[in-house]
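Residue-level listing of the chains:
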Amino acid sequence: MEHWKRTIERANRCFVQGDWVDAREAYLQALALALVLFERWADAEEAVAACVISHHNLADLHLRLNQPEESAEYLCAIHQRLLQAMQDSRLTPQLREAALRQSSKTYVELLNFISDHGEYPRTHRLLGGTAAHPTPSQYGAH
């Protein structure tokens with residue numbers, strides 16, 4: 001956990017300084033650590049939070065670089081990973097429950113992203129397109 005924290009803090013410093021290349025490299029390192037250690041982390045909440053933070057920081061970076069489709073990919077990847085983790089009987093109940101709790105946050109982030117930046121192919125596939133944004137006709141016209 002400490003190595004992940006130091007890596008994410010270094011990435012955040014680079015991000016604040018506008019050093020996008022080094023920020024991206026450090027965020028990718030943090031993500032790799034979080035994914036490799038996901039099932040090995042002593043604290044399930046921390047394991048899931050590290051994955052979510054790593055993905056969301058990369059999504060924020062890509063938005064800053066005016067690459068919203070890349071951002072959508074990271075937001076979708078973590079949401080999908082949590083949905084899969086919730087159903088993976090090989091994982092501990094604590095890890096599955098932490099994934100469930102965090103999935104509501106990743107879902108809201110996705111909806112906010114779509115509201116601000118529109119749909120992209122992966123967001124459409126993951127959330128079922130207009131199911132995420134009901135139209136008035138779905139509830140009847142007035």
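Description of the structure in this document. (Residues numbered from 1 in each chain as written. Predicted model: local features only at pLDDT ≥ 70, side-chain atom pairs only at ≥ 80, totals over all residues. Heavy atoms only, no water.)

### Brief notes about the overall build of the protein
Put simply, the rule is: In this description a helix means any DSSP run of H or I spanning at least four residues, a strand means any run of E spanning at least two, and both kinds are numbered starting from the N terminus. Think of it in three bands: with a 1.4 Å probe and only protein chains considered, a residue is buried below 20% of the maximum accessible area for its type, exposed above 50%, and partly exposed in between. All accessible-area figures derive from a Shrake-Rupley calculation using a 1.4 Å probe, and residue coverage is judged against the displayed protein chains alone. The sign given to each residue is positive for Lys and Arg and negative for Asp and Glu; His and the chain ends receive no count. Charge placement uses NZ in Lys and CZ in Arg. For Asp and Glu, CG and CD serve respectively.
When helices and strands are counted, the protein shows 6 helices and 0 strands. Secondary structure of the protein in N-to-C order comes out as α-α-α-α-α-α. Along the longest, intermediate and shortest principal axes, the C-alpha atoms of the protein span 55 × 40 × 20 Å. Among the 142 residues that make up the protein, the fraction classed as buried is 38%. In the form shown here, the protein has an accessible surface area of approximately 8,100 Å², with 51% of it arising from carbon and sulfur atoms. Distance between charge centres in the protein, computed from 14 positive and 18 negative side chains, equals 4 Å.

### Considering the nonpolar core
Stated formally: The term nonpolar core refers to a set of buried residues drawn from Ala, Val, Leu, Ile, Met, Phe, Trp, Tyr and Cys, joined through side-chain atoms within 4.5 Å.
Membership of the largest hydrophobic core comes to 38 residues, with the highest contact counts inside it found for W4, Y27, F38, V48 and L95. Where this core is concerned, the elements lending two or more residues are α1 (2–16), α2 (20–37), α3 (44–64), α4 (68–87) and α5 (93–117). Looking at this core element by element, the count peaks at 9 residues for α3.

### Focus: the packing of α3 against α5
Rule in force here: What counts as an axis is a line fitted to C-alpha atoms, over the stretch in contact for a helix, and the angles between N-to-C directions run from 0 to 180 degrees. Working rule for angles: under 35 degrees goes down as roughly parallel, over 145 as roughly antiparallel, 65 to 115 as roughly perpendicular, anything else as oblique. Handedness of a crossing is defined here by the sense of rotation of the near helix relative to the far one, left-handed for an anticlockwise turn of less than a right angle and right-handed for a clockwise turn. Only heavy atoms enter the contact rule, under which two residues are in contact if any of them lie within 4.5 Å. Note on residue classes: Ala, Val, Leu, Ile, Met, Phe, Trp, Tyr, Cys and Pro are nonpolar, Asp, Glu, Lys and Arg are charged, and everything else, Gly too, is polar.
Following both chains from N to C, one finds α3 and α5 inclined at 15°, their axes separated by 8 Å at the closest point. By the angle class used here, α3 and α5 are roughly parallel. Pair α3 / α5 crosses with right-handed handedness. Contacts between α3 and α5 pair A44, E45, A47, V48, V52, H56 and L63 from the former with Q94, L95, A98, A99, R101, Q102, T106, E109, F113 and H117 from the latter. Here the residues of the contact of α3 with α5 sort into 9 nonpolar, 5 polar and 3 charged.

### Description of the environment of A49
Looking at where A49 falls in the secondary structure, it is placed in helix α3. Taking relative accessible area as the criterion, A49 reaches 22% and is therefore assigned partly exposed.

### Things to note about the packing of α3 against α4
It is the contact of α3 with α4, at a shortest axis distance of 7 Å, that shows an interaxial angle of 165°. Here α4 runs roughly antiparallel to α3, going by the angle between their axes. Read as a crossing pair, α3 and α4 show a hand that is left-handed. Side by side, α3 and α4 meet where V48, C51, V52, H55, H56, L58, A59, H62 and L63 of the first sit next to P68, E70, S71, Y74, L75, A77, I78 and L82 of the second. When the residues that make up the contact of α3 with α4 are grouped by side-chain class, the tally is 12 nonpolar, 4 polar and 1 charged.

By themselves, these are just geometric observations and shouldn't be taken as functional.
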